[in-house]
Amino acid sequence: MMLARSPLAARLAAAMSASRPSLGIVSGHVSAVSGLRVEAVGLSRHVVVGDRVTLKPRAGRPVVAEIVAFTGDRAQMLTFAPLAGLGPGCVAEIELRPDGARRSGLPVSDGWIGRVVDPLGMPLDGLGPLQAGPPRDLRAEPPLATLRARLGPRLDLGVRVLDLFTTCRDGQRLGLFAGSGVGKSTLLAMLARHTECDVVVLALVGERGREVREFIEDDLGPEGRARTVTVVATSDTPPLMRREAAYAALTIAEHFRDQGRSVLLLMDSVTRFCFALREIGLSAGEPPATRGYPPSVFAELPRLLERAGPGLEPASPELRPGQITGLFTVLVEGDDHNEPVADAVRGILDGHIILDRQIGEFGRYPAVDVLRSLSRAVPGCNTPEENALTRRARGIIALNVEMADLVRLGAYQQGSDPAVDEAIRLAPGIEALLRQERDERTPRDESFAQLRLVLAGPETHLP
C-alpha cells in the first residue's frame, strides 16, 4: 500500500468546500508573523475563535489558518501548512454563510471502513475518493450524562492478560500507559485484530512517518485493516493537524456509535495530542503552567475523552445502544507515571493498563504490569468465581515478586511458609499464561479456563 499524499493546500481547499450558499467574502490583511503565529486585522467583527481563514501568500498556494485567540482587534491564527511566503500585508479572507458556519464538518460514511484518511477527511491510501456522508461537527458535545446508556456487557479483547486482570466492558474507557519502545503499538494492533466489535477507529496522532505504513501493513494486517478506519497525522505536520486527528477520530467513532454499533477507538497517543495543544496554547500567548503546559490543555482533555463511552439510551428497550470503547495510549516521559498528562488522564478514564519496561526486558509480552493495572468495571462484570481466581492470581504474583530476591540469594528455605511455597510453584505457570504472540487470539472464557487450570497445580499444560 502506498500512502499517496496530495498537496496540503489542495486537500485543505477540498475539505473546506461546501454546497451551502455564501453571503460573501470578508477580507482583512496579515499584520504580523511570529513563530507559528499569524496576526490579521480587519476580520475581528466577523469572526470567532475556531473560524478558518484563507491566507494568500505573496508566492505559492493559499494557506488555511484557524483563529485561536484575539488580542484587541487582531486575530491570532495558526496555519495548517508552513508559513513560507506569508508576511505583513498578505490578504486574509473568510467566507460567511447563512448558518454562521465557517468550518466544514467531516463527511463520514460507512464507506470509510478499511480506508486511511487524514484529519480533514482526505484519503491517504491511494485507493481513490472517499464516499461522503452528511458532515458531522468535529467538536460535538458528549451525550448528556443523565441520558447516556450504561456500560454494555463484557467485551472480549482476545488478549489474555487484559481479559483476565483488566476486564473491559463495552463502552468503557481505559488508558494504556507506557514509555517508548515497551510494545504499546503492538498491543494496539492485537486489540484491533482480536477484539469482538463492529468497527475499529484507529488514530495515529503525531506518529513517525516511517512507521505508519509498517504499522498498517504488518501490525494491523489485512484482517485488522478490513474493519478499521485509520486517521493519520504524522509528527512533521503542523500542531493543528495533529490536534485535529484526535477530534476526527472521535467524530468518526460517533458516526458508527449513533447507528447502534459497538466501536473500538484506539488513540496513539493522547500525549502527542497534548503536545499539539501545548504548541497551540503557547503560540496564542497563554502562560505556561504545569511543566510548560498551559491551562487550556487540561481543560480540553476531558472534553475529548468524555466523547467516548456509551451513546444515548435508546427510546425502546429492544434497541441496542451504541458504544465507543476507548483505549488511549499515554507516552509517559522518562517512565514517570505521575507526569501531568498521565496524572490527568488517569483521573478521567475508567481504568489504566501499565506497560513495564522491565517486564519486557525479561521477554514477556504484552509487558503488562498486572499489579499496577486495574479496570474499575471488573467487580460488576465478572462472576464471583472469576473474581476469586484473579484475586488469588494477583496475590501469587505479588508474593512471588516480594520474595524473588530472597529466593535468588538462597535466603529462603522451602517449607518455611506454605503461601510462599505456593507462589514459587505457581508463578511460572501464570507468567507463561500471560505471554502471548501478537497473532495469537484467546477467547475470554478460554483465558479464565486456562487460569483455573494453572492455579490447580504446576502440572498444567499450557499451549
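Anything mentioned here points back to the structure above.
Residues numbered from 1 in each chain as written. Predicted model: local features only at pLDDT ≥ 70, side-chain atom pairs only at ≥ 80, totals over all residues. Heavy atoms only, no water.

A. Quick look at the sheet that holds strand 1 (residues 24-34). One closed barrel holds the 6 strands; their spatial order is 1-2-5-4-3-6, and the pairing between them is antiparallel. Strand-to-strand twist in this sheet, taken as the mean axis angle between neighbours without regard to direction, amounts to 45°. The pairing of strand 3 (residues 52-56) with strand 4 (residues 63-71) spans 4 bridges and is classified as antiparallel. Paired with Leu 55 across the strands is Val 63, a residue of strand 4. (Pairing = 2+ DSSP bridges. Helix = DSSP H or I, 4+ residues; strand = E, 2+ residues; numbered from the N terminus. Axes fitted to C-alpha atoms, helices over the stretch in contact; angles between N-to-C directions.)

B. The arrangement of unusual backbone geometry in detail. For the bond running from Asp 268 to Ser 269, omega is 5°, close enough to zero to count as cis. Looking at the secondary structure, you find Ser 269 in the loop between strand 13 (262-268) and helix 6 (270-283). In this structure, the amide linkage connecting Tyr 365 to the following residue, Pro 366, adopts the cis form with an omega of -5°. Notably, Arg 291 is not glycine yet its phi reads approximately 50°, a positive angle. Within the element layout of this structure, Arg 291 appears in the loop between helix 6 and helix 7 (295-305).

C. Spatial organisation of the nonpolar core. Formed by 52 residues in total, the largest nonpolar core has its most connected members in Val 161, Leu 162, Phe 165, Leu 187, Leu 191, Leu 266 and Ile 430. With residues near it in sequence (within four places) discarded, Val 161 still touches Thr 166, Pro 366, Val 368, Val 370 and Leu 434. Formed by 46 residues, the second largest nonpolar core is a distinct cluster that contains Phe 177, Ala 233, Leu 277 and Leu 305. (Core = buried A, V, L, I, M, F, W, Y, C linked by side-chain atoms within 4.5 Å. Buried < 20%, exposed > 50% of the residue type's maximum accessible area, 1.4 Å probe, protein only. Contact = heavy atoms within 4.5 Å.)

D. Representation of the pairing of strand 11 (residues 199-207). Buried residues dominate strand 11, accounting for 9 of its 9 residues. Strand direction decides the pairing type here: strand 11 and strand 12 (residues 228-234), joined by 7 bridges, are parallel. If you follow Ala 203 over to strand 12, its bridge partner there is Val 231. With helix 4 (residues 209-225) bridging strand 11 and the parallel strand 12, this β-α-β connection has right-handed handedness. (Right-handed = clockwise from strand over helix to strand, strands pointing away.)

E. Fine view of the side chain of Asp 421. Structurally, Asp 421 is set in helix 12 (residues 418-434). Of the side chains with opposite charge, Arg 425 comes closest to the buried, unpaired Asp 421, at an N-O distance of 6.7 Å. Within polar-contact distance, the side chain of Asp 421 engages the side chain of Tyr 412 at 2.7 Å. Setting aside chain neighbours within four positions, we find Asp 421 in contact with Tyr 412, Gln 414, Gly 415 and Ser 416. (Lys, Arg positive; Asp, Glu negative; His and termini not counted. Salt bridge = Lys/Arg side-chain N within 4 Å of Asp/Glu carboxyl O. Polar contact = N/O pair within 3.5 Å; in protein donor to acceptor, adjacent residues only side chain to side chain.)

F. Structural detail: the packing of helix 11 (residues 384-409) against helix 13 (residues 444-456). Where helix 11 contacts helix 13, the two axes come as close as 11 Å, and the packing angle between them is 55°. By the angle class used here, helix 11 and helix 13 are oblique. Read as a crossing pair, helix 11 and helix 13 show a hand that is left-handed. The segment helix 11 lies against helix 13, with Glu 385, Glu 386, Leu 389, Thr 390, Arg 392, Ala 393 and Ile 396 engaging Phe 448, Leu 451, Arg 452 and Leu 455. For the contact of helix 11 with helix 13, the per-class residue count stands at 6 nonpolar, 1 polar and 4 charged. (Parallel < 35°, antiparallel > 145°, perpendicular 65-115°, else oblique. Left-handed = near helix turned anticlockwise from the far one by under 90°. Nonpolar A, V, L, I, M, F, W, Y, C, P; charged D, E, K, R; others polar.)

G. A look at helix 3 (residues 184-194). Counting buried residues in helix 3 gives 9 out of 11 residues, a clear majority hidden from the surface. All buried positions along helix 3 are accounted for by Lys 184, Leu 187, Leu 188, Ala 189, Met 190, Leu 191, Ala 192, Arg 193 and His 194.

H. Structural detail: the packing of helix 12 against helix 13. Two numbers describe how helix 12 lies on helix 13: the axes approach to 9 Å, and their chain directions differ by 165°. One way to sum up the angle between helix 12 and helix 13 is to call them roughly antiparallel. Considering the relative orientation of helix 12 and helix 13, their crossing is right-handed. On the side of helix 12, the interface is formed by Leu 426, Gly 429, Ile 430 and Leu 433, while helix 13 contributes Ser 447, Gln 450, Leu 451, Val 454 and Leu 455. For the contact of helix 12 with helix 13, the class distribution of residues is 6 nonpolar, 3 polar and no charged.

I. The arrangement of the pattern of salt bridges in detail. Throughout the structure, instances matching the rule amount to 37 salt bridges. The residue Asp 258 makes a salt bridge to Arg 136 at a minimum N-O spacing of 2.8 Å. Taken together, the residues Asp 258 in the loop between helix 5 (239-257) and strand 13 and Arg 136 in the loop between strand 7 (116-117) and strand 8 (154-155) connect sequence positions 122 residues apart. Assessed through its relative accessible area of 48%, Asp 258 is described here as partly exposed. By relative accessible area, which is 22% here, Arg 136 ends up partly exposed.

J. Highlighting the layout of surface pockets. One number sums up the size of the largest pocket: a volume of about 630 Å³. Lining the largest pocket are 21 residues, with Phe 362, Asn 400, Val 401, Arg 408 and Glu 431 positioned closest to its centre. Sorting the residues of the lining of the largest pocket by element identifies helix 9 (357-361), helix 11 and helix 12 as the ones contributing at least two each. Sorting elements by how many residues they give to the lining of the largest pocket places helix 11 first, with 8 residues. Counted by class, the lining of the largest pocket contains 12 nonpolar, 2 polar and 7 charged residues. (1 Å grid on protein atoms, 1.4 Å probe; cavity = no way out; pocket = protein on both sides within 12 Å on 5 of 7 lines; lining within 4 Å. Points joined across faces, edges and corners; volume = space filled by probe spheres on them.)

K. Seen up close, a nonpolar patch on the surface. Where nonpolar side chains cluster on the molecular surface, the patch consists of Leu 144, Leu 147 and Leu 312 and spans about 300 Å² of accessible area. Position of Leu 147 among the secondary structure elements: in the loop between strand 7 and strand 8. With relative accessibility at 46%, the residue Leu 147 sits in the partly exposed group. (Patch = residues over 30% accessible without salt bridge, like charges linked within 9 Å, V, L, I, M, F, W, Y side chains within 5 Å. Areas by Shrake-Rupley, 256 points an atom, 1.4 Å probe, with all protein chains shown as cover.)

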